[in-house]
Each structure stands twice: as C-alpha cells, then as structure tokens.
Amino acid sequence: MFGLENKIPKILVVGDLMIDHYIWGDCDRISPEAPVQVVNVRSESNRLGGSCNVVNNLIALGAQVSVCGVIGDDKDGKWLVSTLESLNVKVDHIFVDDSRPTTKKSRVIVSHQQVLRVDRESKTKVKDTFLQKVRQDLELLVPEVDCVIISDYNKGLLDTEFTQYIITLARSENKLVLCDPKGNDYTKYNKATLLTPNKKEAAEATGIPITDDSSLLVAGLRLKKMCNLQISLITLSEDGIGVIDKSLTKIPTFAKEVYDVTGAGDTVIAALGFALSCGLDIYKASKFANAAAAIVVGKIGSTVATHLEIDRHLHTNISHLSHAQSHKISTKQQVKHAIDSLKLANENAKIVFTNGCFDILHRGHAQYLAQARELGDILIVGLNSDNSVTRLKGENRPINTQEDRAFLLASLECVDYVIIFTEDTPEELIKYLSPDILVKAKDYEGKQIAGSLYAKEVRLLDFVEGRSSSITIEKIAKSHT
C-alpha cells in the first residue's frame, strides 16, 4: 500500500537501553502465606525493551539502525549488545558504565495477563565523562543518518541539556528529530520535528484537560507553540493519532483485539520515523504507524510489526477487497522476501505451507485452510496452474482458471499468500521457501508427500466429510442429465 518494503532509511536511536524480561507461568492456587497468586513458572525470555524496542521495530521495517546509550557492566548488558549485533545494529556507540546496572523490567504473565512487574534500574544522571564520549560520537554519526529518534524513559541519560544538544545538532544538519517524551516539562524537547505524547501526557504537559476534539485541538496547538515543533500530534490509543495543524485531523486505527499495550509507543515512533524518512507526509506516516501499533497490541509483550503484517492489517480494513487479493497473489521471490523479513523480526515465527488445485472452492477447503493458518503466523498456499491441473485431473479440468482460483483463495482472511506453480508437485517451491510446517489432508497418511524433506514438520488435517471439487462437479453433471 505504501511501497516502503524496499526502502532502507538510516536512523539513529538515542535513549535508555533496556531489557524486557518475561516470566511465563500458570496459577491454580493462592499462597497460604499472603493473599497472592502462586505462579508455576513454565518459561522465561528476554526481549529488547525501551529504546532497544524502538530499534527492534525499525529493524523489522528494514531500516539501517545505529543506537547510542549507556548500559551496565553485567550479563544483562552483554546480552543486550549481542542481541542487537545479531540484528545487524551498529552498537559501537553503546557505552558501559560499571557504576549502574543495565535496566531490566521483569513481568510475570499468567493466562495472557500481567500480574506483577519488578524493575532493576538506576535513574541517577549518567556521568559527564560518558556524556562527553557520546557527544563526540554523535557529531560524527548525525550527519550520516536521515532521522534521529530520542527515546526518553527518564533513566538518567537524557537530561534537558543533553537532549537540547542532540536536537540542536540534528536540526543543524537538517535531520528529522522525533522524541518520545517523559515528564511534564516539554521545553526539554524544544525545536524537535515532533513529539509523540499520548492524551494524558499532552494534557499534563500543556495544562489543558483533553475531554473532546476541541480541547484536543487547543492542547495540540499549545504543544506546537510551546516546543517550537514542526509537527504537532497526540496519540489517542484506540482512537488512533490526532495531527494538529490549523485544524485537527484524526487518523483512525483498527485494532481487532488488545492483549498487551507494552511497547506500543515504541512502535508508533519507530514507524513514524521510518515512514517520514522514506518521504511520506505526516498523514500517511500516521496511518502507517497506526497500523503497526494495532498489530503489536494484539500480541503479548514487547514486539514488532513487519511490512507484511501492516499491509495485511490495512487490507482487511479497507472496502476494496481486490487490493488485498492482488497483494496476496505473489511470486515465490516476493514471498521469500516477506518470510525473511518476518524471521528477522521474530525468529520464532512459524511459516505454514499447503498446496492444491482448489478448483471449486467449498466449505471443506475453507475449514481446512483456516485450521492450517492456526498452526503458525502466516499461511502460504501453493496453487497448481491450469496446465498442471489438466495433467493431474484430466482434459476437462480445471473448471475455473488459475486466476479465478487464486482470486478466491486470496479472498479468505486466513490466507496470507497464494503462489501459482507450474510443476506437477510443489517440491521445488517448498524447497525454495523452507516452511516450518507443511500441511496436507489426512488421506496422505502413509503416503510420500512431495516437499516433506524441506519442511521442519508435516501436519495432516481432516477434511470435511463429503466435500470435494470432484463431488461438486458430479452433482452438477447429474443435475443436467
């Protein structure tokens, strides 16, 4: 929709580097020692948090990212740096201060709900010796990037003087400067391109209670004047983003389900920075950021949105379904690129593949494909070409052309991509895509399945009894005799 998939802007993130630590567990009793839950831990995981989550979101979108900040001399700091390096992030400008810990937020999750958070951090001001080193690096870095994102979590790095130094340097080089603000004194961010406060933060910073669109407009105008901003906007949670110029423009969002708002602000500023750096205006950039935020709040924990997910989200929320269908019908090269992007953003993402002729789409197909989609993060359908179907089924098949069959498959929300292949089997296609899960019908049990060597797992699913293209064709033939 936006055509940003192949853009590679250079973006610098300066801010508070953190780890989001998750403890996943179950609970079936209350402690006899105190009225608290007893959590049986099933697993633990670390994710990039704070400014690092902004970085992670930018990487998922395909940006070239440098990061600047301070960590502790501890195992958490080493984990953070090695993880960023694995994402090809430039980490030469991360400094180690042995007088402070690496910031770590531990969240206990039970049945998809956060029940407790424990923070390990220091909010003391970063030593001037480190700030001087950071300044020297920034003077070399800023001229080389398209955009600077200041991700402020009030952990001691970004005091008023240092923040103003960054903004002044970036603006002297005509660079975009986006700030995720903290605290009530927003003069700290004077002359930034834009800020990304939510409604509550904007109300506190301006002293204007935001209760309706009129007060939202007044608060946005005051924010713009107070901080000498180029663009004034206020994020509105489930209502999207309000962009304030002489009037208010509300860019709506469409979050289907909200599981966890952790990191949504990081996603918004990353997506805005990416889109603006690629040349979109603030209205299109806000639409892009809204879609990204809607995706991440539908997941548990700090996470990211990819171009694939953003496009899919937007296509399911516009009236012209044909755009979604044409987007889904892709070449194997386009789909491979989408898989690589998704895996880069989430190495645990599951790619599901199935194939068939799908000559006359019926309930059995729809149910089978919906079950297949539930096994992973995206579902790719390999579709036999017309010539391939004729060789497999006979001279009178297919009934519907490959274009019509692909169009109908792409109409199903559970299908992410359709690839038409010309061979009799999808073996070469499966080899090229290397899916995590290959799905076939239960009647393949005990048979050799083409391409099974190139998938990590093969799953066999039941078809709806008595439903098939052949049966449908027979019924039609009998009705005309």
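(A) Layout of helix H4 (residues 160-172). Over its 13 residues, H4 extends 18 Å from the first C-alpha to the last, a length consistent with the 18 Å expected when each residue adds 1.5 Å. Those residues of H4 that sit buried are Phe-162, Thr-163, Tyr-165, Ile-166, Ile-167, Leu-169 and Ala-170. Against the buried residues of H4 lie strand S1 (10-15), helix H3 (128-141), strand S8 (147-151) and strand S9 (176-180). Directly after H4, the chain includes Asn-174, whose backbone phi takes a positive value near 60°.

(B) Fine view of the confidence of the model for the chain. Across the chain, the average pLDDT comes to 87, with 89% of residues at 70 or higher. Averaged pLDDT values for the elements of the chain fall to 54 in helix H10 (residues 321-328) and rise to 97 in S8. Ignoring residues within four places in sequence, the model shows residues 318-324, a span with pLDDT below 50, making five contacts including any to other chains.

(C) The environment of Thr-83, seen in detail. Along the chain, Thr-83 falls in helix H2 (residues 75-86). Expressed as a C-alpha distance, the spacing of Thr-83 and Leu-48, which sit 35 residues apart in the sequence, is 8.1 Å.

(D) Structural view of a nonpolar patch on the surface. A cluster of nonpolar side chains, Ile-329, Phe-407, Leu-408 and Ile-420, forms an exposed patch at the surface whose accessible area comes to about 290 Å². Tracing the chain through its elements places Ile-329 in the loop between H10 and helix H11 (332-345).

(E) Here's a closer look at the pairing of strand S17 (residues 437-441). Of all five residues in S17, five are buried, a share of seventy percent or more. Every second residue of S17 is oriented toward a common face, with Ile-437, Val-439 and Ala-441 on one face and Leu-438 and Lys-440 on the other, all of them buried. Here strand S14 (residues 351-356) pairs with S17 via two bridges, running parallel. Counted as the bridge partner of Phe-353 is Leu-438 from S17. Note that S17 and strand S18 (residues 457-461) share five bridges and pair parallel. Its bridge partner lying in S18, Val-439 is registered against Arg-459.

(F) Main features of the pattern of salt bridges. Under the criterion given, the structure shown has 22 salt bridges. We note a salt bridge from Asp-76 to Lys-104, for which the minimum N-O separation is 3.3 Å. You can see Asp-76 sitting in helix H2 and its partner Lys-104 sitting in strand S6 (residues 103-110), a full 28 residues away along the chain. Here the two residues Asp-76 and Lys-104 agree in accessibility, since each one is buried. Taking the shortest distance from any N to any O, the salt bridge between Asp-424 and Arg-391 comes out at 2.7 Å.

(G) Representation of unusual backbone geometry. Of note, the bond from Arg-397 into Pro-398 is cis; its omega dihedral lies within 30 degrees of zero at 5°. By secondary structure assignment, the location of Pro-398 is in the loop between helix H13 (386-393) and helix H14 (402-410). We note that Lys-191 has phi near 75°; this positive angle belongs to a residue other than glycine. Locating Lys-191 in the fold gives a position in the loop between S9 and strand S10 (194-195).

(H) Structural detail: the sheet that holds strand S11 (residues 232-235). Strand order in this open sheet of three strands is S11-S12-S13, and the pairing throughout is antiparallel. The sheet is open, and its two borders are formed by S11 and strand S13 (248-251), each paired with just one other strand. Sheet twist, expressed as the average angle between the axes of neighbouring strands with direction ignored, equals 20°. Pairing between S11 and strand S12 (residues 241-244): four bridges, direction antiparallel. Paired with Ser-232 across the two strands is Ile-244, which belongs to S12.

(I) Summary view of the sheet that holds S6. The four strands are arranged S3-S2-S6-S7 in an open sheet whose pairing can be described as mixed. Looking at which strands have only one partner, the edges of the open sheet turn out to be strand S3 (37-50) and strand S7 (113-120). Neighbour-to-neighbour, the strand axes of the sheet open up by a mean angle of 20°, direction not taken into account. Pairing of strand S2 (residues 17-30) with S6 involves eight bridges; the strand directions are parallel. Looking at S6, one finds that Gly-25 is bridged to Val-110. Sheet contacts for helix H1 (residues 51-61): S2 and S3; angle to S3, the most-contacted strand, approximately 70°. Along the sheet face, H2 touches S2, S3 and S6 and points at about 55° away from the line of S3.

(J) A look at the environment of Asp-462. You can see Asp-462 is positioned in the loop between S18 and helix H16 (469-479). As a C-alpha pair, Asp-462 and Gly-364 span 98 residues in sequence and 9.1 Å in three-dimensional space.

(K) Focus on the packing of H1 against helix H7 (residues 264-277). Put simply, H1 and H7 touch, their axes get as near as 8 Å, and they point 45° apart. The pairing of H1 with H7 is recorded here as oblique in orientation. Here H1 runs over H7; the crossing is right-handed. Along the contact surface, H1 presents Asn-53, Val-54, Asn-57, Leu-58 and Leu-61, while H7 presents Asp-266, Thr-267, Ile-269, Ala-270, Ala-271 and Phe-274.

(L) Molecular detail of the nonpolar core. By size, the foremost hydrophobic cluster in this structure holds 56 residues, and its most contacted members are Leu-58, Leu-84, Ile-149, Leu-272 and Phe-288. In this structure Leu-272 touches Leu-178, Leu-194, Thr-196, Leu-233, Ile-282, Ala-285, Ser-286 and Ala-289, once residues within four positions along its chain are discounted. The next biggest cluster of nonpolar side chains, apart from the first, holds 33 residues, and it includes Leu-138, Ile-166, Ala-170 and Tyr-186.

Cut-offs applied
Residues numbered from 1 in each chain as written. Predicted model: local features only at pLDDT ≥ 70, side-chain atom pairs only at ≥ 80, totals over all residues. Heavy atoms only, no water. Helix = DSSP H or I, 4+ residues; strand = E, 2+ residues; numbered from the N terminus. Expected span 1.5 Å × (residues − 1). Buried < 20%, exposed > 50% of the residue type's maximum accessible area, 1.4 Å probe, protein only. Contact = heavy atoms within 4.5 Å. pLDDT = per-residue confidence, 0-100. Patch = residues over 30% accessible without salt bridge, like charges linked within 9 Å, V, L, I, M, F, W, Y side chains within 5 Å. Areas by Shrake-Rupley, 256 points an atom, 1.4 Å probe, with all protein chains shown as cover. Salt bridge = Lys/Arg side-chain N within 4 Å of Asp/Glu carboxyl O. Pairing = 2+ DSSP bridges. Axes fitted to C-alpha atoms, helices over the stretch in contact; angles between N-to-C directions. Parallel < 35°, antiparallel > 145°, perpendicular 65-115°, else oblique. Left-handed = near helix turned anticlockwise from the far one by under 90°. Core = buried A, V, L, I, M, F, W, Y, C linked by side-chain atoms within 4.5 Å.

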